[in-house]
Amino acid sequence: MTHHIARQMIIVSQILKERDAQDALFGRQDDLPNGTGPEYEPDAVNYADAYRESCERAFVDGRGTFRHVFLEEVFEAMAEDDPVKLRAELVQAVAVGVKWLEAIDKQEEESQ
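Residues numbered from 1 in each chain as written. Predicted model: local features only at pLDDT ≥ 70, side-chain atom pairs only at ≥ 80, totals over all residues. Heavy atoms only, no water.

A. Structural context of the packing of helix α1 (residues 3-26) against helix α4 (residues 83-111). Where α1 meets α4, the axes come as close as 10 Å, and the angle between the chain directions of the two elements is 120 degrees. One way to sum up the angle between α1 and α4 is to call them oblique. The two elements α1 and α4 meet at a crossing, and its hand is right-handed. In this structure, α1 uses His4, Arg7, Gln8, Ile11 and Ile15 to contact α4, whose residues at the interface are Val98, Leu101, Glu102, Asp105, Lys106 and Glu109. For the contact of α1 with α4, a count of residues per class yields 4 nonpolar, 2 polar and 5 charged. (Axes fitted to C-alpha atoms, helices over the stretch in contact; angles between N-to-C directions. Helix = DSSP H or I, 4+ residues; strand = E, 2+ residues; numbered from the N terminus. Parallel < 35°, antiparallel > 145°, perpendicular 65-115°, else oblique. Left-handed = near helix turned anticlockwise from the far one by under 90°. Contact = heavy atoms within 4.5 Å. Nonpolar A, V, L, I, M, F, W, Y, C, P; charged D, E, K, R; others polar.)

B. Fine view of the side chain of glutamate 73. Examined against the element boundaries, glutamate 73 turns out to sit in helix α3 (residues 66-78). The side chain of glutamate 73 is buried and forms no salt bridge, while arginine 52, the nearest opposite charge, is found at 7.9 Å. Contacts of glutamate 73, omitting those with residues within four sequence positions, involve Glu89, Gln92, Ala93 and Val96. (Buried < 20%, exposed > 50% of the residue type's maximum accessible area, 1.4 Å probe, protein only. Lys, Arg positive; Asp, Glu negative; His and termini not counted. Salt bridge = Lys/Arg side-chain N within 4 Å of Asp/Glu carboxyl O.)

C. Representation of a nonpolar patch on the surface in the model. The grouping of Ile15, Leu101 and Ile104 at the surface amounts to a nonpolar patch, some 220 Å² of accessible area in total. According to the relative accessible area criterion, isoleucine 15 is partly exposed, its value standing at 33%. (Patch = residues over 30% accessible without salt bridge, like charges linked within 9 Å, V, L, I, M, F, W, Y side chains within 5 Å. Areas by Shrake-Rupley, 256 points an atom, 1.4 Å probe, with all protein chains shown as cover.)

Here it is in structure tokens:
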């Protein structure tokens, strides 16, 4: 197994453990509203556009970071009120989060 896949398996395991801990602490909160889209935040689309532009500008300027990419994906999700599109945006945000965790773990391994 490559280090890449092993790292992902550890991260996913940690995420699932955290999810179990959340359910134990707060109970299953499956009935919460999504709370996304203009109905909940009238400026949601503007925020998403601003973070998208900020991310693009940062990479053009050579100063792009995981923070830029992650926040772009999160704010795109927050602007979405269509459940299918919201789900796709959340998958993208979580995938960027996992990639970020992989990079942190890889950097830690390389510094040892």
